[in-house]
Amino acid sequence: MANHKSALKRIRQTKTRTLHNRYYAKTMRNAVRKLRALTDKEEALKLYPTVQAMLDKLAKTNIIHKNKASNIKSSLAAHVASLA
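Quick look at the structure, then. Quantities reported herein were computed from a predicted structural model and do not represent experimental measurements.

Reading the values: the criteria
- Residues numbered from 1 in each chain as written.
- Predicted model: local features only at pLDDT ≥ 70, side-chain atom pairs only at ≥ 80, totals over all residues.
- Heavy atoms only, no water.
- Patch = residues over 30% accessible without salt bridge, like charges linked within 9 Å, V, L, I, M, F, W, Y side chains within 5 Å.
- Areas by Shrake-Rupley, 256 points an atom, 1.4 Å probe, with all protein chains shown as cover.
- Salt bridge = Lys/Arg side-chain N within 4 Å of Asp/Glu carboxyl O.
- Lys, Arg positive; Asp, Glu negative; His and termini not counted.
- Charge placed at Lys NZ, Arg CZ, Asp CG, Glu CD.
- Helix = DSSP H or I, 4+ residues; strand = E, 2+ residues; numbered from the N terminus.
- Contact = heavy atoms within 4.5 Å.
- Expected span 1.5 Å × (residues − 1).
- Buried < 20%, exposed > 50% of the residue type's maximum accessible area, 1.4 Å probe, protein only.

## Regarding a positive patch on the surface
On the surface, Lys-9, Arg-10, Arg-12 and Arg-17 cluster together into a positively charged patch. Take Arg-10: it is sitting in helix α1 (residues 5-37).

Structure below.
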């Protein structure tokens, strides 16, 4: 266990940030899952910009890697384009 006050504070901060980041990462994964499950093109076109913005925000704050965000956006764009 940590012996320094600063180390104890760091542990508390890390727990808080981990919970925060986990919440936003899970929310993003659910949004991506929801978009991939859609079969209606109009609904998908409405939802895609919000998911894209969510991915960009998470990449900007280093919750997910920027290349991962790009890869997901690319695959989602392909999915939306393939809908009839």
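On we go from here.
## Topic: the side chain of Lys-73
You can see Lys-73 is positioned in helix α3 (residues 66-82). Beyond its immediate sequence surroundings of up to four residues, Lys-73 is in contact with Tyr-48, Gln-52, Leu-55 and Asp-56.

## Thoughts on α1
Taking 1.5 Å per residue as the helical rise, α1 with its 33 residues ought to reach 48 Å, and the 48 Å between its terminal C-alpha atoms agrees with that figure. Along α1, the residues that are buried comprise Ala-25, Met-28, Ala-31, Val-32 and Leu-35. Each element contacted by the buried residues of α1 is listed here: α2 (41-60) and α3.

## Focus: the pattern of salt bridges
One pass over the structure, following the stated rule, counts 1 salt bridge. In this structure, Asp-56 engages Lys-73 in a salt bridge whose closest nitrogen and oxygen atoms are separated by 2.6 Å. Note that Asp-56 is positioned in helix α2 and Lys-73 in helix α3, a separation of 17 residues in sequence. By relative accessible area, which is 36% here, Asp-56 ends up partly exposed.

Without other data, these values stay purely geometric and don't point to any function.
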